Amino acid sequence: MIQLKSEKDIEGIRISGKLLAELFEEVGPQIEAGMSTLDVDSLCHDFMKRHHATGPCKGYMGYPNVTCISVNDMVIHGIPSKHEILKDGDIVSIDICLEKNGYISDSTHTYEIGKVSDDVHQLNEVTHKCLYLGIEAAGKQHARIQDIGAAVSGYARKFGYGVVRDYCGHGVGLDIHEEPEVPNYVSLANPNPRLRPGMVIAIEPMINMGTYKVKTLSDGWGVKTLDGKPACHWEHTIAITDSGLEILTEL
Ligand code: MF3
Ligand code: CO
């Protein structure tokens, strides 16, 4: 069941989302070669503590950290590690759920470390554009959930990229993962509810340079591309209100 949010709920998620945007604004510029992915997680956790917020990923089905940090061919759910050192030319996606006063927001940025190759930079730009095309589709009158995936996959396919199918966006706000699922592709087999006021969803294109196929690592969390080529991931939490669409995780 899709849990529609009240004005009060949306205000709570708005406050949470703004704080998460501020976290990215503070931590983003500090990410550089030589840091471990666990160092980055610590910076994020620190920000949360200073702002009386928590990271609900930590403890979610036993997940150990407040962020998922996915480097190069890791698509999502990379577990931060002190042994994983960022280096020039890497791309690193930081996926964070933040909870403030019981309200959860969810957002992902993919950062480029130093100078990345032109084809990797293009993948990141295209994935970022896919996010905004998905958001734009969701904001149209009478939009349905699959309009998002149509916009995302339509654009990514022009570049020959693989659109991840095994993981989707999702409702969010009171829990980390709520209904509906928000796929980045179109399928007649999937539900296609109308977007309506009170819905809060995370739109999160995961785009691979090569095949769309992925595999899960033996740690039970990390998800990598099957062909070892790089992947990018961008995500915002958005709300549909009576006055239209609002991006909650952007300043
Ligand atoms: N932000 C992630 C998502 O959208 C949450 C992952 S749950 C975790 O799916 F436990 F892996 F962190
Ligand atoms: Co998400």
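Residues numbered from 1 in each chain as written. Chains lettered and ligands numbered in written order. Predicted model: local features only at pLDDT ≥ 70, side-chain atom pairs only at ≥ 80, totals over all residues. Heavy atoms only, no water.

Going by an unreviewed UniProt entry, the protein chain carries the name Methionine aminopeptidase and comes from Candidatus Ornithospirochaeta stercoripullorum. In its Subunit (unreviewed entry) section, UniProt records this for the protein chain: "Monomer." (UniProt positions renumbered as here; feature names shortened; annotations may be inferred.)

(A) Focus on the packing of helix 1 (residues 7–27) against helix 2 (residues 37–50). Where helix 1 meets helix 2, the closest approach of the two axes is 10 Å, and the angle between their N-to-C directions is 135°. Taken together, the axes of helix 1 and helix 2 are oblique relative to one another. Relative to helix 2, the crossing made by helix 1 is right-handed. Taking contact as the criterion, the partners of L19, E22, L23, E26 and V27 in helix 1 are, on helix 2, L43, C44, F47, M48 and R50. Of the residues in the contact of helix 1 with helix 2, the class split is 7 nonpolar, no polar and 3 charged. (Axes fitted to C-alpha atoms, helices over the stretch in contact; angles between N-to-C directions. Helix = DSSP H or I, 4+ residues; strand = E, 2+ residues; numbered from the N terminus. Parallel < 35°, antiparallel > 145°, perpendicular 65-115°, else oblique. Left-handed = near helix turned anticlockwise from the far one by under 90°. Contact = heavy atoms within 4.5 Å. Nonpolar A, V, L, I, M, F, W, Y, C, P; charged D, E, K, R; others polar.)

(B) Fine view of unusual backbone geometry. With an omega of 0°, the peptide bond running from E179 to P180 counts as cis. The residue P180 is located in strand 7 (residues 178–182) in this model. At N72, a position not held by glycine, the phi torsion is positive, near 55°. Checked against the element boundaries, N72 lands in the loop between strand 1 (67–71) and strand 2 (74–76). Looking at N72, the relative accessible area reads 22%, which means it is partly exposed. For H77, which is not glycine, the phi dihedral falls at a positive 60°. Along the chain, H77 turns up in the loop between strand 2 and strand 3 (91–100). (Buried < 20%, exposed > 50% of the residue type's maximum accessible area, 1.4 Å probe, protein only.)

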